[in-house]
Amino acid sequence: MPHSPQSEPATDGVAAVDRALAIVDAVAQHTDPITLADLSRATGFYKSTLLRLIASLEKAALVMRRPDGRYALGPYAYRLGRAYETTYRLTETVQPLLQGLVDQGTESASFHVYHDERSRLCLLRVDSHHSTLDRIRVGDLLPLDRGAAGKLLTAYVVKHQGPDEAGLTMISMGERDPNCAAVASPVFGPDGNMCGAISLSGPKERFTATAIKKMSRLTMEAAAAATRALGGHWPSMKKGG
């Protein structure tokens, strides 16, 4: 809905953000680039207000001014859209695979993604059917340098290693938590880069040699299925690492 015309009071931070988002929304709703006059009609803002806010939006690459003077979404808006699409596509693709792993009697299944140089984010999680679990929840930030998923993300994302160097499975025993263990396998996107890791984790006493062998195989199969569903290519290797 267009905003009612208004005078030019000094805007506080919240009002400025609301107006800036209204501009982005107006630009996004037009399939073709939009003129300043059309933006003024769509938002109800005076041109002087628009020009002041658009200057900030251009710096953030959310809106760009074309050579013909019209406005369109900028490259950062495009990246946000891709990130949003990727996140929800990952959820639709990976969550059923995590549930499938748990339904086979494994440990709790999680999907971890790179967060920053020190941490990884638990993006998806399905608790196992066991009475005792490890304490990991969606949204938790965990160390990037410890744990099976963390070590895989470090190898592929930070060190830029390939499957021949980093392998397709990783095991950790009591690294992040002395009472817990995990196995993990990487998921690759269409660009060939690792987009996250599927892991099975739980109390260390249940990670016997037989259990580790079975869970490593199941985790790698789930990661391969996720990779293919996302349009990626699962590496061919003689033996998983």
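The coordinates are above.
Residues numbered from 1 in each chain as written. Predicted model: local features only at pLDDT ≥ 70, side-chain atom pairs only at ≥ 80, totals over all residues. Heavy atoms only, no water.

Moving on to the sheet that holds strand E8 (residues 194–203). On the basis of which strands lie adjacent, the open sheet formed by six strands has the order E5-E4-E3-E8-E7-E6 and antiparallel pairing. Each having just a single partner strand, strand E5 (141–143) and strand E6 (170–173) make up the two edges of the open sheet. Taken over all neighbouring pairs, the strand axes of this sheet differ in orientation by 35° on average, direction set aside. Most of the contacts of helix H5 (residues 148–158) go to strand E7 (residues 180–188), to which it runs at about 35°, and overall it touches strand E3 (108–114), strand E4 (119–126), E5, E6, E7 and E8. Seen against the sheet, helix H7 (residues 209–229) touches E6, E7 and E8 and runs at an angle of roughly 25° to E7. (Pairing = 2+ DSSP bridges. Helix = DSSP H or I, 4+ residues; strand = E, 2+ residues; numbered from the N terminus. Axes fitted to C-alpha atoms, helices over the stretch in contact; angles between N-to-C directions. Contact = heavy atoms within 4.5 Å.)

Let us look at H7. Its 21 residues place the ends of H7 30 Å apart at the C-alpha level, agreeing with the 30 Å of an ideal helix rising 1.5 Å per residue. Among the residues of H7, those classed as buried are Ala211, Ile212, Met215, Ser216, Leu218, Thr219, Ala222, Ala223, Ala224, Ala226 and Thr227. Count one or two residues on from H7 and you reach Gly231, which has phi positive near 90°. (Expected span 1.5 Å × (residues − 1). Buried < 20%, exposed > 50% of the residue type's maximum accessible area, 1.4 Å probe, protein only.)

Counting residues in hydrophobic clusters, the biggest one holds 41 residues, and the most contacted among them are Val94, Leu98, Phe111 and Ile198. Contributions of two or more residues to this core are made by helix H4 (75–103), E3, E4, H5, E7, E8 and H7. For this core, the element with the highest residue contribution is H7, accounting for eight residues. By size, the runner-up hydrophobic cluster in this structure holds 19 residues, among which are Ala16, Ala22, Leu39 and Phe45. (Core = buried A, V, L, I, M, F, W, Y, C linked by side-chain atoms within 4.5 Å.)

Taken as a whole and judged by the stated rule, the model has two aromatic pairs. Feature note: the residues Tyr156, Phe188 and Trp234 constitute an aromatic cluster, connected by ring pairs. Above the plane of the ring of Phe45 lies Arg19, whose end atom (NZ or CZ) is 5.6 Å from the centre. (Phe/Tyr/Trp six-rings, centres within 6.5 Å; stacked < 30°, edge-to-face > 60°. Lys NZ or Arg CZ within 6 Å of the ring centre and 35° of its normal.)

This paragraph deals with the pairing of E7. When you tally the buried positions in E7, you get nine out of nine residues, the bulk of the element. Across the two faces of E7 the burial is the same, with Cys180, Ala182, Ala184, Pro186 and Phe188 and Ala181, Val183, Ser185 and Val187 all buried. Relative to E7, E6 runs antiparallel, the two sharing four bridges. By the bridge assignment for E7, Ile171 is matched with Val183. A loop of six residues connects E6 with E7, the two strands running antiparallel in sequence, and Gly174 in this loop sits at a positive phi of about 70°. What sits between the antiparallel neighbours E7 and E8 is a turn of five residues, in which Gly192 has the positive phi angle 85°.

Interhelical geometry of helix H2 (residues 36–43) versus helix H3 (residues 47–59) gives an angle of 105° and a closest axis separation of 10 Å. Accordingly, the angle class assigned to the pair H2 and H3 is roughly perpendicular. On the side of H2, the interface is formed by Leu36, Ala37, Leu39, Ser40 and Thr43, while H3 contributes Lys47, Leu50, Leu51 and Ile54. (Parallel < 35°, antiparallel > 145°, perpendicular 65-115°, else oblique.)

In this section: H3. For H3, built from 13 residues, the straight-helix expectation of 18 Å at 1.5 Å per residue is met to within 8% by its first-to-last C-alpha distance of 18 Å. For H3, the full list of buried residues reads Thr49, Leu50, Leu53, Ile54 and Leu57. For H3, the elements touching its buried residues are helix H1 (13–28), H2, strand E1 (63–65) and strand E2 (71–73).

In contact at an axis separation of 10 Å, H1 and H2 are set at 115° when each is read in the N-to-C sense. Relative to H2, H1 is oriented roughly perpendicular. Classified by chirality, the crossing of H2 by H1 is right-handed. Facing Ala22, Ile23, Ala26 and Val27 of H1, the residues of H2 in contact are Leu39, Ala42 and Thr43. Residues of the contact of H1 with H2, tallied by class, amount to six nonpolar, one polar and no charged. (Left-handed = near helix turned anticlockwise from the far one by under 90°. Nonpolar A, V, L, I, M, F, W, Y, C, P; charged D, E, K, R; others polar.)

Tracing the chain through its elements places Thr43 in helix H2. Within polar-contact distance, the side chain of Thr43 engages the backbone oxygen of Leu39 at 2.8 Å. A distance of 3.2 Å separates a polar side-chain atom of Thr43 from the backbone nitrogen of Phe45. (Polar contact = N/O pair within 3.5 Å; in protein donor to acceptor, adjacent residues only side chain to side chain.)

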